[in-house]
Each structure stands twice: as structure tokens, then as C-alpha cells.
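# Structural characterization, general
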Amino acid sequence: MDATLVTAFGVIGGAAVTGLAAMYGSKVAGRAQREGNAVNGFNSLTDQLQEERKEFKTEVATLKAELAAERAEAARLRLLVQQLGGSP
């Protein structure tokens, strides 16, 4: 084999190796991008759930306070009915 043929095979082999490396690198980069998107999406959903949980806790506390006020009012009215000679 002469030097030109050896050089041509070297160039072709190098191009093939470079192409395979580029394909592998692209595959790895794509996987990393998908994983990054998944993590970002998970963090976003977690933040949303924490905000909703905080709102629900506030709403539950408000409803508990309203229920306690209603029960106190009902007890007051029962007592008033009893004082007036009725039965609740």
C-alpha cells in the first residue's frame, strides 16, 4: 500500500470515529436535557403543591374558627331557650 491509500483510510477511519463520537455525545446530551427537564418539572410541581397546601391549611383554620363560632352561638341560643322556659 502506498502512503496515499494509508492516508485515505486514516481519514475515513477518523471521520467514522468522529461521527460515532458525535452521535454518542448527542445521545448523552439529550438524556441530560431530558433529566434536567424532569427535575425542573418536579421542582415546579412541588412548589405548586406546597403553595396549595399552605392555602388549604389557612382555609381549614378559618373554617374551624367559623365552626367554633357557630357552635358557641348554638349553645348560647339553647341556653336562652332554656332560660325562657322552653326545651331546645
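Structural data are supplied above this passage.
Below, the structure is looked at part by part. These numbers were taken from a predicted model, which means no experiment stands behind them.

### Digging into the overall build of the protein
Within the protein, the regular secondary structure consists of one helix and zero strands. The proportion of buried residues among the 88 residues of the protein is 0%.

### Section: the pattern of salt bridges
Using the criterion set out here, one finds one salt bridge in the structure. Among the ionic pairs, Arg76 bridges to Glu73, the shortest N-O distance being 2.8 Å. One end of the pair is Arg76 and the other is Glu73, both in helix H1 (residues 3–83) and three residues apart, which spans about a single turn.

### Observations regarding a nonpolar patch on the surface
On the surface, Leu77, Leu80 and Leu84 cluster together into a nonpolar patch covering about 290 Å² of accessible area. Mapped onto the fold, Leu84 is located in the segment after H1.

Calculation criteria
- Residues numbered from 1 in each chain as written.
- Predicted model: local features only at pLDDT ≥ 70, side-chain atom pairs only at ≥ 80, totals over all residues.
- Heavy atoms only, no water.
- Helix = DSSP H or I, 4+ residues; strand = E, 2+ residues; numbered from the N terminus.
- Buried < 20%, exposed > 50% of the residue type's maximum accessible area, 1.4 Å probe, protein only.
- Salt bridge = Lys/Arg side-chain N within 4 Å of Asp/Glu carboxyl O.
- Patch = residues over 30% accessible without salt bridge, like charges linked within 9 Å, V, L, I, M, F, W, Y side chains within 5 Å.
- Areas by Shrake-Rupley, 256 points an atom, 1.4 Å probe, with all protein chains shown as cover.

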